[in-house]
Each structure stands twice: as C-alpha cells, then as structure tokens.
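One letter stands for each residue in the lines below.
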Amino acid sequence: MSPDTAAVHAASPARVAPARARLLVHLRSRSAVGVVMTLPLILLIVGLVAYPFVYAIYLSLLNKRETAFVGLDNFRFLLTRDTFWLVVQTSFLFTSLAVVWKAILGLVLALVIHTLPPRGQRVWRGLSLIPWVMPLALSSLGWWWIYEPTHSALNWVLVLLGFSPKSWLADPFWARFSVILVNIWYGTPFFMITYLAGLKSIPQELYESSAIDGANAAQRLRHITLPMLKNIIAITLLFSTIVTLATFDIVRVLTRGGPRQWTHLFGTYAFELGIASGDVPLGAAVSLFMFPILAVSAFFILRGIRRSTS
Amino acid sequence: MIGSPRARRAAALLVCYGIIGAFMVFFLFPPYWMAVTSLKTNQEIESLEGIPLIIQKGATLKHYVDLFTKTDFLVYLKNSVLVTIPTVLISMVISVMAAYALSRLGFVGAGLIGTGVFLVYLVPDSLLFIPLFKVIGGLGLLNSKWSLLVVYPTAIVPFCTWLLIGYFASIPRELDEAALVDGANHFQMLVRIFLPVAVPGLIAATIFAFTVSWSGFLYPLAFIFSSSEQVLTAGTVTSLIKGDVYHWGGLMAGALLASLPPVLLYAFLMDYYISGLTAGSTKA
C-alpha cells in the first residue's frame, strides 16, 4: 500500500479540509493502487496463458527435434493422417452426444427436483453432485473396473437381464459408448445445478396466472419454463462444449485412446504425440486444432452473458 | 377422488421419486461399487460365483492396510497436501486483490481486464499443457511437485477473481466512501469491510481452488515422472497398477480414499459451493 501513503503525505496543502482532501487523494491514487493490486493477476495471465499460447504456435512450426523451422508442415502432415481424422471424428461425436445428453438429463433432473417439497430438494441435490465432486481421474478408475468384462458388475447385470456380455473397452463401438457414458455421468450434475438455479429465479406469478388460464404441465414447460431458461441453457451448453471437447482424464484412464485409436480426443492424442512419444511440435499442433471451436464458443458465451446483464 | 388435485399431486410426486431413484442408481453406483470392491477379499473379487454387487464372504480392511504399508500412497498424499495448501493460499491472495481492484478502483482498462479474466477461465488445461511442459522445463521444475504450484493458479485465479468481483460488486458503495472519509486506506478497507461481507464468496472460491488443485491429473501426469514427487491422482492411476494382474481391491481403496477430501469438504459446505457455482451463470 506504499503508493497510497506516499500520496497522502504529498497532499499536505489540503489540511484545511482534511477529510475531503483525503477522499480526493484517494480517488487520484486509485488507479495506481488498482494497477498494483491487479499486477499479479496480469503477470499470471501474460506469463502462463498468453505467452504459452504464442509459444504453442511457435512450437507447432518446428521440426521434431525443434532445430529447424518447417512452416505449416506439422499441420499438413496431420491432415494426411487417417488417425488424425479419426481423432476429429471421435472428438465431434464425443462432444455433441455427451453435451446433448447431459443437457437433456440435467434438465429432467432439475425439473424433477424442483417439483419436490423444498426440504427434500437439498438432499437429492447434494447426492446428485457426488459424480461432479469426485476427482475425475479417480472415478474413471472406478468406471474402468465397472467395465472389466469377466469379474465386474456391468456384464453380470447384463447377463442377469438376458443380454450378451460386451467387451466394453476393447470393442471400438462400445469403447466410444463407454467414454461418452462416463462423461455424461460426470457432467449431468453441473447442468442440473445451473438449471435448478435458473428455475428458482422464475417468478412464481407467471405460473399462478397460467394456472388460472388453465394451462397444463406441458404447456407451462413450453411457454414459461423453457423460454425463461433460454439464456441459461444456451450459456451452459456452450460452456460444456468447451469443457467436454477438452476432456482428457476419462479417455486417458479408460482406453488411452484405444482400441486402434478409436477413442482419442484432441487432448489425449496431443499427450500421446507430444509427451509420451516426445514429438512436442506435433503435439502442440494437435492441441491448437481445438482453439477455433473454443474461440467461437467463448465468443457466444460472452455475448450471452452481456445480454442477460443488460 | 381420482383426478382431484391432491391425488394428481401425489401421483406426480411418485413419478418424480421414481425418476430420482433411477438417477441416484446411475450417479451413486460407481462410488458404491468402488467401496464394495475395496472391502472384499481378493478371492471374492476373483470368484465368478454368487452376486458380485454385495459382500458375501466377509469384509476386510486388508486393502487399506496394504495401501499405507506396501505402496507409495502416503508419499502421494503428502505431496498432494504440500502442493494444495500453498496453491490455494497464493491463488486466493491474487484473486482477492485483483477482484477488489477490478470491482472498485475503476482504472483505465479495468473492464478489458475483467473480460480477459473471463476468457482465460474458459481456456482448458488440455490446450496449453505442451508449451507449459517446455516452460516448466525452462524453469528447471520438470519432475518436481512444485511445478504444479506454477501452473495450478492459472486454472484457479480467473474463476475465483470472476466470482469475487460478483460478491464485491454487491457491497454498497456508501460503505467505501464512509470508510475513506474516516481515513481508511485501501488495504484496511479490503480487510475490514470487503472480506467480512464476502465470506460466502471466499469460501466458495477456496473450495473451488482446493478441488482444482486436488483433482488435477493432466499436469502431474505430464510434468512428474518419479513416484517420490507424484501426487494422489496421477500416482494412484499410474503406479498402483502393477503387473498383468490388477489388484482391484487396492486400486479401488486408493481411488476412494483419494476422492474423499473434496467430497467431504463439499458435503459440509455445499450451500456456499452451489451459490458460488451458480453465481457465474445466473447473477452475472
């Protein structure tokens, strides 16, 4: 706080009306104090987010040994690889299916909890959040065991119900299904919580007047609840798109991208190339492919939030 | 009386509880299955007879005892604590100062920084871990747990700042002016007026910081290779899996114990946590 006290000492002529003068000095010193207090944050963002981002672009333009500049060769190389296109396909499939299901299930759960008497809501809301609070890498380990084909629970239940057992993580189709299911398990509570907060902010009078008009539950949902939640639904969808596309833990723990690279996402594929195989420039190029999607989502989120404030 | 409002209400509640029941099975089966497995004997886990969903041949704490006596679990636990405490402290100090400045000391560019903070919050760890791997290498921190102290605040501070700006903004401006006229400086104002009022926000931000630091997996996996430096998440996943035969009991015991601190923290402070979580999407 030294710039502040220095400014107060320098303002000795203003002793005539000390309180008002001090207020003025404070107003003037505000900017300086503000900059000093924000400095750690700015250094953090510049040094550990902005600089690494620019550095990632630079790295992606180098050869594997990082000794020569190769232009866009890494990107061109990736675009000719079948594996890379498989990663693109999986990422889109994973993100779209997981986000849509999380949004639907989250809405159903929020509506159901909202219907209950207030005292019961707290318990169910709390229990529902457990998947989202457990460290994802560790709950994925639990799912890994659930999917184990011979000794574990899932196939046992399937056989009990008369279905054939599946080799969950070894079959390409079921491996994709499995990683998406874990993401839905993990992310649905987040949707539920934001929707529930949104539901609580809808004025009760709207429902009361619609009840007088004789609207049924489906009509109330369509004409009051959903329009009132529109903005929250949009922001949550976009936010979840970013987080889901960037998923790493689930795939790394369950399949490591297999079988035959069928479950790799941008993050896990970048890790495989950049860290595990030591081709840092190629790995950097893979993760940069995520950026356009993140940037577009971020733009719309920001617009959505600005709209709901104004 | 079928069709009366009360009967319809009762039927609707019944449907609601049915749906909630289905969700609870889906949400809580994995932790339940982990707990059951961690308490079974190895013979029972490997047996193909009986009902696997319950413990039939007697519960045992052997997997938990082994975890502490035969594995590096305690080392990981110590490292996780050593990383998480300073990460939370540093992140909170940076966030509180920045949030105060950005919400009250309207200086040139404050609005722009506010927007920037929000955008940085949206940057996921899987976008920048490769250049950060090089940055950490440049700092000489590869294969050290302290590397996490450098990278975790970038994931924590933007959200916490954003959250606290919301709380600080709700404090009436008349309070500041009164304090300034009384001769308080900005530091005194922050400590005596803002922090006490923003306690719910501070708690929510602290829980968030703790959870991010405790649950982080990609950074320790990428930056740390020795068991002696590893933290709980990456340590449990990478080194408790040994050989071709997975000892599921020990693995589940480790995963469950390591998951406990964030779950307990949130169980006691759930309401703060939720108000903090939803602040961004509804208040903002």
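No experiment lies behind these values; they were computed from the predicted model shown.

### Observations regarding the overall build of chain B
Argument step 1. Secondary structure summary: chain B contains 14 helices and zero strands in total.
Argument step 2. A globule of 284 residues ought to have a C-alpha radius of gyration of about 19 Å, yet chain B, at 24 Å, is considerably larger.
Argument step 3. Summarising its shape, the C-alpha atoms of chain B cover approximately 75 × 75 × 30 Å along the three principal directions.
Argument step 4. Taken over 284 residues, chain B has a buried fraction of 47%.
Argument step 5. Looking at chain B alone, contacts between residues at least 24 apart form 78% of all its contacts between residues at least 6 apart.

### Some points on the packing of helix 7 (residues 136-146) of chain A against helix 1 (residues 5-39) of chain B
Argument step 1. Contact geometry of helix 7 of chain A with helix 1 of chain B gives a least axis separation of 9 Å together with a crossing angle of 75°. By the criterion of interaxial angle, the relationship of helix 7 of chain A to helix 1 of chain B is roughly perpendicular. Seen from helix 7 of chain A, the contacting residues are S139, G142, W143, W145 and I146 of chain A; seen from helix 1 of chain B, they are P30, P31, W33, M34 and T37 of chain B.
Argument step 2. Broken down by class, the residue content of the contact of helix 7 of chain A with helix 1 of chain B amounts to seven nonpolar, three polar and no charged.

### Comments concerning the environment of I130 of chain A
Argument step 1. Mapped onto the elements, I130 of chain A comes out in helix 6 (residues 130-133).
Argument step 2. In this structure, the C-alpha to C-alpha distance between I130 of chain A and Y186 of chain A, residues 56 residues apart in sequence, is 8.7 Å.
Argument step 3. I130 of chain A has contacts with F27, L28, P31 and V263 of chain B, leaving out every residue within four places of it along the chain.

### Side note on the interface of chain A and chain B
Argument step 1. In this complex, chain A contributes 85 residues to the contact, which on the side of chain B involves 81 residues.
Argument step 2. Broken down by element, the side of chain A that touches chain B gets its largest block of residues, 23 residues, from helix 2 (residues 18-60) of chain A.
Argument step 3. Class assignment of the residues belonging to the side of chain A that touches chain B gives a composition of 61 nonpolar, 20 polar and four charged.

### Re helix 10 (residues 199-215) of chain B
Argument step 1. Compared with an ideal rise of 1.5 Å per residue, which puts 17 residues at 24 Å, helix 10 of chain B spans 24 Å between its outermost C-alpha atoms and is within 8% of the ideal.
Argument step 2. Taking burial as the measure, the 17 residues of helix 10 of chain B include 14 buried ones, the bulk of the element.

### A closer look at the domain arrangement of chain A
Residue and element names in this part refer to chain A.
Argument step 1. Each domain of chain A was delimited in the assignment, giving domain 1 (2-60) and domain 2 (73-309).
Argument step 2. Taken residue by residue, the interface counts four residues in domain 1 and seven residues in domain 2.
Argument step 3. Across the side of domain 1 that touches domain 2, the residue classes tally to three nonpolar, one polar and no charged.

### Thoughts on unusual backbone geometry
All names here are of chain A.
Argument step 1. With an omega of -10°, the peptide bond running from G258 to P259 counts as cis.
Argument step 2. Among the secondary structure elements, P259 is positioned in the loop between helix 12 (249-254) and helix 13 (266-276).
Argument step 3. Here the phi dihedral of E66 falls at roughly 60°; this positive angle occurs in a residue that is not glycine.
Argument step 4. Following the sequence through the fold, E66 ends up in the loop between helix 2 and helix 3 (73-79).
Argument step 5. Of note, the phi angle at R260 is positive, near 45°, even though the residue is not glycine.
Argument step 6. Note that R260 resides in the loop between helix 12 and helix 13.
Argument step 7. According to the C-beta neighbour criterion, R260 is exposed, with 11 such atoms within 10 Å.

Calculation rules
- Residues numbered from 1 in each chain as written.
- Chains lettered and ligands numbered in written order.
- Predicted model: local features only at pLDDT ≥ 70, side-chain atom pairs only at ≥ 80, totals over all residues.
- Helix = DSSP H or I, 4+ residues; strand = E, 2+ residues; numbered from the N terminus.
- Rg over C-alpha atoms; globule rule 2.2 N^0.38 Å.
- Buried ≥ 20, exposed ≤ 12 C-beta atoms within 10 Å, placed from the backbone.
- Contact = placed C-beta atoms within 7 Å.
- Axes fitted to C-alpha atoms, helices over the stretch in contact; angles between N-to-C directions.
- Parallel < 35°, antiparallel > 145°, perpendicular 65-115°, else oblique.
- Nonpolar A, V, L, I, M, F, W, Y, C, P; charged D, E, K, R; others polar.
- Expected span 1.5 Å × (residues − 1).
- Domains from an automatic or database assignment.

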